[in-house]
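Observations on the three-dimensional arrangement
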Amino acid sequence: MGWSSQQSTRLHLEMDILSRYFPTFFLKDSIIPGHAIIEGTLRSNAGHEYIVRLHVPADLPNSVPIVEIVSPVLRDRFGHSLADLGTSYPMHLLKPENGVVRICHYSASHWSPNITFSKILLKIRAWLEAYEGHLDSGYAIDHYLPHMTA
Amino acid sequence: MTPLVYVFEEQVRDLLSQAGDVRLLDGVAYGFDDWTVFHAYTEKPSFTPSGHICPCVAMRSDATGFVDEEKLMLQVRSRVDPDGGPIVVLLVGTGVADSPSCRALVLTEKGVAGADTRFVPRRSELFSRNTGLLETSALAEKKVVIVGLGSGGSPIALELARAGIGHFTLIDFDRLELGNISRHVCGVNDLGRYKTLAVRDQLLQKNPFAEVSTMEVNINQALSQVEDAVAASDLLIVASDNDQSRFNLNQMSLNNNKVALYGRAITRAAGGDVLRVRPWKGPCYNCIFSSGLIDGREEEMSQKRQALAILPAYVEEDKINTMIQVGLSSDIAPIANMMTKMALVELSRGIETGMSTVDEDLASDFYVWANRREEAYANWPRMGFKWTHPSILRWYGARVDRDPNCLVCGGHLEEEPAT
Ligand SMILES: [Zn+2]
């Protein structure tokens with residue numbers, strides 16, 4: 001099964017918005033629902049670059065997309081790999097897959113089909129700033145980012 | 001007391017229509033109350049029967065109607081071993097005006113006793129009492145998809161079967177657990193079973209002629225299969241327990257231009273809400289979700305699986321357990337009842353029934369109910385004697401319009417599907 005016509009329309013809309021606000025992001029393997037990903041670079045205020053991958057859900061836009069930081073390998077202030085932390089409340093991390101860090105951005109109970117990929121990437125930008133704040137100060141990420149109540 | 005034996009007229013007709021010289025046939029019977037009442041079947045019933053099982057032998061008697069009872073009883077005794085219990089013997093024939101007739105005998109160690117026989121009538125007669133309020137023959141043709149067969153969906157399914165709806169597709173992948181029993185139409189007899197199959201048996205108890213298909217799938221992972229069922233239906237009823245499924249079903253309802261009804265209970269079933277989506281004519285589920293109308297009205301968490309599905313993985317076990325707080329069955333009942341009525345209004349559309357004035361009243365697409373002055377209703381005044389202020393135990397319709405910025409049904413779509 002391919003994308004429905006509504007989903008194709010939605011994917012176009014998403015890419016259209018991304019081309020304006022996050023122009024480095026492009027769509028890969030877009031033919032097969034469940035395999036499509038969107039990948040691009042986010043740059044922090046300090047100028048560091050991160051490659052970010054967003055998995056487009058097969059039931060787009062009805063569930064929360066998985067977002068991973070593909071590179072560089074993220075470490076905390078003390079040199080430990082963030083992926084080794086596993087699921088982490090203070091660092092806003094979901095269970096990593098294949099050693100790649102997954103960011104907790106929107107929780108399922110706060111998800112709505114009105115949330116676009118661009119809004120998610122804004123949250124990832126905020127997470128990256130908080131992450132760099134952590135590297136500077138040692139405070140956990142939730143010192144900078146409030147949690148959504150479940 | 002003379003034993004009483006119930007027989008399905010449809011089965012008797014089937015037996016009579018069989019060609020050939022079959023004289024004795026093994027069926028099955030279920031006895032109740034010290035073997036005073038029996039339900040006898042010439043073939044396996046289509047639903048799960050209750051009662052104590054005992055043998056049943058059916059015989060197609062000749063047109064002359066003469067049966068040598070003594071000889072027959074010897075034949076029956078040599079055929080089945082009742083193990084101390086009774087044997088029900090059915091003598092099936094054709095009576096006046098080609099109507100089927102059936103005489104029942106109950107054979108025990110003490111001897112043979114004639115029984116009173118009653119037919120369970122065919123479809124057309126079963127719902128004759130509804131005539132006038134509901135056009136039941138038209139409703140028998142209607143197809144309903146019900147997603148979620150828990151404390152909300154199961155009573156709706158049952159009520160619609162009682163009203164004479166003839167076709168059901170039941171979708172749920174949960175099994176009935178001990179913790180569900182107090183709020184579910186099924187009981188300990190059905191522990192461990194898929195809710196779909198257990199509810200199907202309950203439906204067939206109310207309407208043995210209903211066609212019930214079931215799908216034991218997680219709808220979020222079986223989208224095309226579920227959409228096929230929605231496309232083939234007249235109405236979609238959503239009593240599932242998570243937003244992802246409601247978002248997916250909302251899209252299917254819009255794609256296929258099928259009216260959908262959504263119901264939920266809020267925390268501890270302090271109240272609930274019901275939404276009717278008339279695709280492209282009124283607000284969709286996403287319009288309501290983004291409208292702020294349900295903000296602060298957190299959904300009731302009734303089981304761990306439900307909580308795990310929506311909570312981030314780092315939420316601790318303790319917190320999850322404290323979130324699971326359920327209300328009473330009587331708190332869910334008004335919500336299920338409202339959905340049933342709205343379903344009957346939708347299914348009766350275009351048919352002249354007593355439901356049409358109800359349709360005029362249900363001008364709103366979104367309704368709110370309060371069971372107790374707590375949670376979202378904590379600041380409501382007491383009911384007292386006034387009619388003019390909000391109160392528990394009454395329905396309130398809210399005016400909600402389509403959201404032009406809704407990313408599901410709003411203006412970004414080039415065109416709406418042809419209706
Ligand atoms: Zn909408």
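These numbers come from a predicted model, not from an experiment.

1. Quick look at the pairing of strand β12 (residues 260-265) of chain B
Residue and element names in this part refer to chain B.
- For β12, the buried fraction is high: six of the six residues fall into the buried class.
- Burial along β12 is two-sided: the residues A260, Y262 and R264 and L261, G263 and A265 are all buried.
- Of the strand pairs in this sheet, strand β11 (residues 235-238) and β12 are connected by three bridges, and their pairing is parallel. Note that in β12 the partner of L236 across the bridge is A260.
- In terms of handedness, the path from β11 via helix α8 (residues 243-255) over to β12 forms a crossover that is right-handed.

2. Here we look at the sheet that holds strand β15 (residues 395-398) of chain B
Residue and element names in this part refer to chain B.
- Taken together, the eight strands give an open sheet; going across it, the order is β10-β9-β8-β11-β12-β13-β14-β15, and neighbouring strands pair in mixed fashion. If you trace the sheet from one side to the other, it starts and ends with β10 (211-215) and β15, each paired once. Across this sheet, the average inter-strand angle for adjacent strands is 15 degrees, counted without regard to direction.
- Relative to strand β9 (residues 167-171), strand β8 (residues 143-147) is paired through five bridges, and the arrangement is parallel. Note that in β9 the partner of I146 across the bridge is L170.
- Of the strands in this sheet, β8, β11, β12 and β13 (271-277) touch α8, which is tilted by about 165 degrees from β12.
- Contacting β8, β11, β12, β13, β14 (366-370) and β15, helix α12 (residues 329-347) crosses the sheet at an angle of about 15 degrees to β13.

3. Points about the pattern of salt bridges
- Enumeration over the complete set of coordinates arrives at 27 salt bridges over all chains.
- The shortest N-O distance in the salt bridge between E14 of chain A and R10 of chain A comes to 2.8 Å. Placement of both E14 of chain A and R10 of chain A in helix α1 (residues 5-21) is noted, with a separation of four residues, approximately one turn of the helix.
- You can call R10 of chain A buried: its relative accessible area is 2%.
- Its salt-bridge partner being E159 of chain B, residue R162 of chain B comes within 2.7 Å of it at the nearest N-O pair. Of this pair, R162 of chain B and E159 of chain B both sit in helix α5 (residues 153-162), three residues apart, roughly one helical turn.
- In this structure R162 of chain B comes out as partly exposed when scored by relative accessible area, which is 37%.
- Shared partners join several salt bridges into a network, and the residues in it are R276, R278, E346, R349, D359 and D365 of chain B.

4. Overview of the confidence of the model for chain B
- Per-residue confidence for chain B averages 89 on the pLDDT scale, and 92% of its residues sit at or above 70.
- For this predicted complex, the interface confidence reaches an ipTM of 0.91, while the overall pTM sits at 0.90.

5. Quick word on the packing of helix α7 (residues 223-231) of chain B against α8 of chain B
Residue and element names in this part refer to chain B.
- Their axes nearest at 10 Å, the elements α7 and α8 cross at an angle of 45 degrees. Classified by the angle between their axes, α7 and α8 sit oblique to one another. Viewed along their axes, α7 and α8 form a crossing whose handedness is right-handed. Residue-level inspection shows L223, V226, E227 and V230 of α7 in contact with α8, the latter providing N248, L249, M252 and N255.

6. Focus: the domain arrangement of chain B
All names here are of chain B.
- Each assigned domain of chain B is listed with its residue range as follows: domain 1 (4-120) and domain 2 (128-398).
- For domain 1 versus domain 2, the separation of C-alpha centres amounts to 42 Å.
- Tallying the contact residues gives five residues for domain 1 and six residues for domain 2.
- In this assembly, domain 1 packs against domain 2 so that about 520 Å² is buried in total across both faces, 58% of it on carbon and sulfur atoms.
- Three residues, S46, F47 and T48, lead the burial of domain 1 against domain 2; their summed loss comes to 66% of the area buried on that side.

7. Focus: the interface of chain B and chain A
- Residue-level contacts link 25 residues of chain B with 25 residues of chain A.
- Together, the buried faces of chain B and chain A total about 2,100 Å²; carbon and sulfur atoms form 64% of this surface.
- Where chain B touches chain A, the interface holds zero salt bridges.
- Where the side of chain B that touches chain A is concerned, the elements lending two or more residues are α7, α8, α9 (285-290) and α10 (304-310) of chain B.
- Grouping the amino acids of the side of chain B that touches chain A by side-chain chemistry returns 14 nonpolar, nine polar and two charged.

8. Structural notes on the nonpolar core
- Ranked by internal contacts, the top residues of the largest apolar core, which has 75 residues, are I124 and W127 of chain A together with V226 of chain B.
- The element contributing the most residues to this core is helix α2 (residues 117-137) of chain A, with eight residues.
- Every residue in contact with W127 of chain A, bar those within four places of it in the chain, is listed here: I69, L74, L82, M91, H92, L93, I103, I141 and L145 of chain A.
- Membership of the second largest hydrophobic core comes to 48 residues, among which are F8, F47, A210 and V259 of chain B.

Thresholds, definitions, all that
Residues numbered from 1 in each chain as written. Chains lettered and ligands numbered in written order. Predicted model: local features only at pLDDT ≥ 70, side-chain atom pairs only at ≥ 80, totals over all residues. Heavy atoms only, no water. Buried < 20%, exposed > 50% of the residue type's maximum accessible area, 1.4 Å probe, protein only. Helix = DSSP H or I, 4+ residues; strand = E, 2+ residues; numbered from the N terminus. Pairing = 2+ DSSP bridges. Right-handed = clockwise from strand over helix to strand, strands pointing away. Axes fitted to C-alpha atoms, helices over the stretch in contact; angles between N-to-C directions. Contact = heavy atoms within 4.5 Å. Salt bridge = Lys/Arg side-chain N within 4 Å of Asp/Glu carboxyl O. pLDDT = per-residue confidence, 0-100. Parallel < 35°, antiparallel > 145°, perpendicular 65-115°, else oblique. Left-handed = near helix turned anticlockwise from the far one by under 90°. Domains from an automatic or database assignment. Buried area = accessible area lost by both parts, 1.4 Å probe. Nonpolar A, V, L, I, M, F, W, Y, C, P; charged D, E, K, R; others polar. Core = buried A, V, L, I, M, F, W, Y, C linked by side-chain atoms within 4.5 Å.

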